[in-house]
Each structure stands twice: as C-alpha cells, then as structure tokens.
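Chain by chain, the residues:
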Amino acid sequence: MNTIRVLAISASPRRHGNSETLLDWVLEEMRQDPAVNVTKVVLIEANVAPCRGCNACEKLNACINHDGMDILHDQIIMADCIILAAPIYCMSICAQAKALVDRAQVFRSRKYVLKLPVVPQERIGKRFGIFLSTAGQDWEYVFDAAIPVIKCFFNVIEVKNRDLSYVMIRHVDEKGAIKRHPTAHKEAASIARSVLTAMKERLS
Amino acid sequence: MKETVTVIGLSGSPRRRGNTEQLLDKFLEGASDAGGTCEKVILSTLDYSSCKGCNACHKTGICIMDDAVRGLYDKILAADCIVISSPIYTMGITTELKSFIDRAHYLWVRHFILGTHVITPEEKKIRRGYFLSTAGMDRDDVFDTAFPMLKALFNILGFTHCMGVLARNMDGYGGITNHPTALRDAYRIGNLAVKGIMAGMPCVERIKQ
C-alpha cells in the first residue's frame, strides 16, 4: 500500500480552539492507519499574506509574492487529501483562511487561464478534500456563505465536488465548547474513516 | 433638513485604482456633488491585524488590539453613510475587507451582549450603508456570499443596507469603464444617498432582510 499523504491546515487564529480540535479528531482517526502520513500546518504560523490582485500569475504561472505560500503551494499539489479547518467569523471563514483561499489564485490561473495541469493527469479524480468548520451562532444557515468559497478553493486545487466532505458544527463559541458537543467527535471520526476508505479504493 | 452629511468610502481592494475603486470614486463624486462631506479610506494602506478570536471583548466591549481599525470604526459610527467596495475573489470579498469586518466583533459584543452601543431604530432608518462590487465571472450568484457579511456589518454599525452596484463579467467587459451602466449608477446612487439623508428620508431600495 502506498502512502496516503494528508495535508491538514488549521486556519483559526486561536490555537487548540474548536475548529482545530475538530481537525485533531479527524487526524487522530486517520493516523490509526499506518498508510497515512499527516502534515499539519497552523496557518497563523505559516506566514501567508493576502493576494494582491496583481494577476501576474496569469502570465507567470507563479505568484510573485514569496512567503509561506511557496511551501504550501507544493504541499497542496503533493497531498492526496487536503483538510481545511476554519471557524466562521461574521458569516464566513475567518480572514486568515480567506487569505489562503485567495492565494490559490495561482492554481486558478494555471487551470483556467493558462490551461495547464494543476496535478498530473493520472491524479485527477484521486484527490480528496474535507472542510471542517465551527460557528458560534446557532443559525442553520451560518455556513451557507462559506461553502461557495470553499468549493471554489477545492475546485482550483483539483479536488472535485463529489470528493469533498464536510463537518460543520454550530453553536460552539468559547474555547473548548466543542468537547461538550453531543456528536462532533463522532462525526469527525466517522468522516475520517469514510474518506480514508474512499481514498484507498480510488488510489489502489 | 440635515445640513452636513458625512460619507465614508472604504476600498477593500488590494489593487489601487482598479474596477471597484473607480466605482467608489464615482459614488463619492455623486455624494460630493449633492453636498456630502466625503472621505475615502484605502484598507490596504492601513496597518491592522486580523481578529485573533481571543474573545477578550466579550467582557469589556473593547478590542485589545490598538491599531488603525479602532479609529476607523469610531469614524464610521459617527458618519451618516458608509459605502464599501470590494472585488469578488474566490466567490467572496477580499481578505482585506474580511479582516476589517472580523474586527468589528467588539462592536457586535457592545450591540448584542453588553447593550452599550445602541443606535436607535430611528437613526438606523436614515443612516445608509452601500456595497459596490465587481466580479470577473458572469455567474448570477457570484455576489451572494458577500451579502451575509455586509448585512451583519451594517446591522452592527447601525446602517440600513441599501442597494449599491454589483457589476459582474468584468473579464468579459475588460474592465469597469466598458460596463454599460455601473459607473453611472454609482454616481447616481451616491448623489441620491446624500440628498435622501439630507431630507431625512429612509432609502427605498433596501436589501431584504
């Protein structure tokens, strides 16, 4: 069995808060499998600046802004599964997560402007994504505005919609609140198992 | 009859003098021509950090980060009209604008938890908030995700969310100057905003809650 490469990005500005805990639960389950190799990135320590909107990537096929994204760019390409965990602030993903998502513009330019492959042809359709999120509000629609942004992000990094899974837990605000949530831990473990099973089928 | 009407224009684009900033300039030109006192703020030139989610403001109603955001929010709270412009990046507003909006959390706390920042419903009726945006794509849902954020912000700050200008398919038009109506609309809406506020009239074209 080949190694399954998982890139896990915690985008919250808060360390070990609710969304990162959700991520850790998913990773804990995935790590049970010896084939899984996890790289966890804490975004606030990764130095990713916002996109400047210069559109240079449409010509250069690369970003002119050199920072932590240089490494993350390659890690995103190499991974079989990309997990993004981000809390909802004011009805969408936190600004830190939006910075990362916008920097994926280089992938969008590659795919749609330059018509170049984001990953080698043989890996298309074999990439998986998980979006983990938490929100303080208890509104049913609290994740609605984040989802198109997330779909767009995963689309440009060549993860198909059908291979994108979600765990979104609302009404958890204070640090640690997720630990008292009745189903969050189970949902996280269950999504980890089902994505892993799907990956093994597809990657074999 | 209100004699002075202050209008704050916020540009959320990282790019200077691009499509959305041109829309903002037209709005402010229209507002000035109607007698408004206008100020334009370029978010990308300000020094501020993103919200750290520490929730310290939940007790005090004060943000522990003392940077450009606080003074700007004070100014906005004192204004009669706010107009915010941002392009759509990856189906959402820019990071600069999202970062600024996230920082309003302490005002949300004052409004909804502490009850120390209350703009009366009467005041809110007259105070107007507008959003100007452009998108490269031609999808009709391309602006949808921006609205819940703007709605929340305007609500926290006590502005009625009024219909601004949304111009999509910038990739097709090759820029805002080739769009048939957007710049003219921005001027007209800015002009009418100030006239309306001066007359003490609530805006007619509200964004539905």
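Here is what the cut-offs are and how they apply
- Residues numbered from 1 in each chain as written.
- Chains lettered and ligands numbered in written order.
- Predicted model: local features only at pLDDT ≥ 70, side-chain atom pairs only at ≥ 80, totals over all residues.
- Helix = DSSP H or I, 4+ residues; strand = E, 2+ residues; numbered from the N terminus.
- Rg over C-alpha atoms; globule rule 2.2 N^0.38 Å.
- Buried ≥ 20, exposed ≤ 12 C-beta atoms within 10 Å, placed from the backbone.
- Contact = placed C-beta atoms within 7 Å.
- pLDDT = per-residue confidence, 0-100.
- Expected span 1.5 Å × (residues − 1).
- Nonpolar A, V, L, I, M, F, W, Y, C, P; charged D, E, K, R; others polar.
- Pairing = 2+ DSSP bridges.

### Concerning the overall build of chain A
- Across its full length, chain A holds 8 helices and 6 strands.
- Reading the helices (α) and strands (β) of chain A from amino to carboxyl end gives β-α-β-α-α-α-β-β-α-α-β-α-β-α.
- Against the globule reference of 17 Å for 204 residues, chain A gives a C-alpha radius of gyration of 16 Å, in line with a compact fold.
- For chain A, the spread of C-alpha atoms along the principal axes amounts to about 50 × 40 × 30 Å.
- Looking at chain A residue by residue over its 204 residues, the buried ones come to 46%.
- Considering only contacts within chain A whose residues lie at least 6 apart along the sequence, 80% involve residues at least 24 apart.

### What to know about the confidence of the model for chain B
- Within chain B, residue pLDDT values average 95, and 99% of them lie at 70 or more.
- The ipTM value of the predicted complex is 0.93, and its pTM value is 0.95.

### Remarks on helix α9 (residues 182-198) of chain B
Residues and elements named next belong to chain B.
- An ideal rise of 1.5 Å per residue puts 24 Å on 17 residues; α9 measures up with 24 Å between its terminal C-alpha atoms.
- When α9 is considered as a whole, its buried residues turn out to be A182, L183, D185, A186, Y187, I189, G190, N191, A193, V194 and I197.
- In the segment just after α9, G200 is the residue with positive phi, at about 70°.

### Some remarks on the interface of chain B and chain A
- Each side of the interface is counted separately: chain B has 25 residues, and chain A has 27 residues.
- At 6 residues, the largest contribution of residues to the side of chain B that touches chain A is made by helix α4 (residues 95-102) of chain B.
- A breakdown of the residues in the side of chain B that touches chain A according to their chemical character gives 11 nonpolar, 9 polar and 5 charged.

### Side note on the environment of B:K59
- Position of B:K59 among the secondary structure elements: in helix α2 (residues 57-60).
- With 55 residues separating them along the chain, B:K59 and B:L114 place their C-alpha atoms 8.1 Å apart.

### A look at helix α5 (residues 95-103) of chain A
- Taken across its 9 residues, α5(A) has 9 buried, putting it largely inside the fold.
- Buried within α5(A) are the following residues: A:A95, A:Q96, A:A97, A:K98, A:A99, A:L100, A:V101, A:D102 and A:R103.

### Quick look at the pairing of strand β3 (residues 81-87) of chain B
Residue and element names in this part refer to chain B.
- Among the 7 residues that make up β3, 7 are buried, leaving the element largely enclosed by the rest of the structure.
- Burial along β3 is two-sided: C81, V83, S85 and P87 facing one way and I82, I84 and S86 facing the other are all buried.
- One ladder, built from 5 bridges, connects strand β1 (residues 6-11) with β3; its direction is parallel. Bridge pairing in β3 places I8 opposite I82.
- Pairing analysis gives 7 bridges linking β3 to strand β4 (residues 128-134), with the strands arranged parallel. Bridge pairing links I84 to F131 in β4.

### Observations regarding the environment of A:K200
Residues and elements named next belong to chain A.
- In this fold, K200 is placed in helix α8 (residues 184-203).
- What makes K200 partly exposed here is the crowd of 14 C-beta atoms within 10 Å.
- Between the C-alpha atom of K200 and that of F107, which follows or precedes it by 93 residues, the distance is 26 Å.

### Some remarks on unusual backbone geometry
- Although it is not a glycine, A:M91 adopts a positive phi angle of roughly 75°.
- Relative to the helices and strands, A:M91 is located in the loop between β3 (81-89) and β4 (92-93).
- Positive phi outside glycine occurs at B:R17, with the angle close to 55°.
- As for its placement among the helices and strands, B:R17 is situated in the loop between β1 and α1 (19-33).

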